[in-house]
Amino acid sequence: MPTFIVNRNTQSSGDNEVHNTTTGCKEMPAVENQINLGAHLSCHDAVAYAKQQLRNSRINGCFYCCNSCHTS
């Protein structure tokens with residue numbers, strides 16, 4: 001089951017992006033800027049979990065490693 005993190009730093013778009021740590025990503029934030037989301041069946045599940053954990057943040061999937069969850 002793939003594992004995911006969310007970037008604690010907000011992007012210029014206003015999003016905090018979810019990244020797949022199992023497949024890796026060229027846009028992966030530095031370790032100190034990662035919030036571990038754990039293992040999920042899909043990026044959709046990881047994004048939903050991140051939205052629960054970071055209620056005041058706009059969560060989005062990374063264009064590169066979670067493209068099916070990327071919305072903006």
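Predicted model only: the values in this text are computed from it and were never measured.

A. Region of interest: the overall build of the protein. Counting secondary structure elements, the protein contains 1 helix and 4 strands. For the protein, the N- to C-terminal ordering of α and β elements is β-β-β-α-β. A compact globule built from 72 residues would reach a C-alpha radius of gyration of about 11 Å, and the protein, at 10 Å, matches this within 12%. The dimensions of the protein, computed from C-alpha atoms along their principal axes, are 30 × 25 × 25 Å. Looking at the 72 residues of the protein, the share that counts as buried comes to 36%. Taking the intrachain contacts of the protein between residues at least 6 apart in sequence as the baseline, contacts between residues at least 24 apart amount to 56%. Of the roughly 4200 Å² of accessible surface on the protein, a fraction of 47% belongs to carbon and sulfur atoms. Distance from the positive charge centre (5 side chains) to the negative charge centre (5 side chains) of the protein: 6 Å.

B. Structural view of the packing of aromatic side chains. What the rule picks out here adds up to 1 aromatic pair. Between F63 and Y64, the aromatic rings sit 5.1 Å apart at their centres with planes inclined by 85°, giving edge-to-face as the arrangement. Using a relative accessible area of 45% as the deciding quantity, one classes F63 as partly exposed.

C. Local environment of the pattern of salt bridges. Applying the stated rule across the entire model yields 1 salt bridge. Across the pair R58 and D15 runs a salt bridge whose closest N-O atoms are separated by 2.5 Å. Placement of the pair is R58 in strand β4 (residues 58-61) and D15 in strand β2 (residues 15-20), with a sequence separation of 43 residues.

D. The arrangement of the state of the cysteines in detail. Enumeration according to the criterion identifies 1 disulfide in this entry. Each disulfide pairs two cysteine sulfurs, and for C43 the partner residue is C69, the sulfurs being separated by 2.0 Å. The S-S bond linking C43 to C69 shows a torsion near 90°; that makes this disulfide right-handed. Highlighted residues: C43 in helix α1 (residues 43-53) and C69 in the segment after β4, separated in sequence by 26 residues. Its relative accessible area of 10% is what places C43 among the buried residues. Judged by its relative accessible area of 7%, C69 is buried. In this structure C25 is not part of a disulfide, and its nearest cysteine sulfur, from C65, lies 3.5 Å away. With no disulfide of its own, C62 lies 3.6 Å from the sulfur of C25, the closest cysteine sulfur.

Rules used in this analysis
Residues numbered from 1 in each chain as written. Predicted model: local features only at pLDDT ≥ 70, side-chain atom pairs only at ≥ 80, totals over all residues. Heavy atoms only, no water. Helix = DSSP H or I, 4+ residues; strand = E, 2+ residues; numbered from the N terminus. Rg over C-alpha atoms; globule rule 2.2 N^0.38 Å. Buried < 20%, exposed > 50% of the residue type's maximum accessible area, 1.4 Å probe, protein only. Contact = heavy atoms within 4.5 Å. Areas by Shrake-Rupley, 256 points an atom, 1.4 Å probe, with all protein chains shown as cover. Lys, Arg positive; Asp, Glu negative; His and termini not counted. Charge placed at Lys NZ, Arg CZ, Asp CG, Glu CD. Phe/Tyr/Trp six-rings, centres within 6.5 Å; stacked < 30°, edge-to-face > 60°. Salt bridge = Lys/Arg side-chain N within 4 Å of Asp/Glu carboxyl O. Disulfide = S-S within 2.5 Å.

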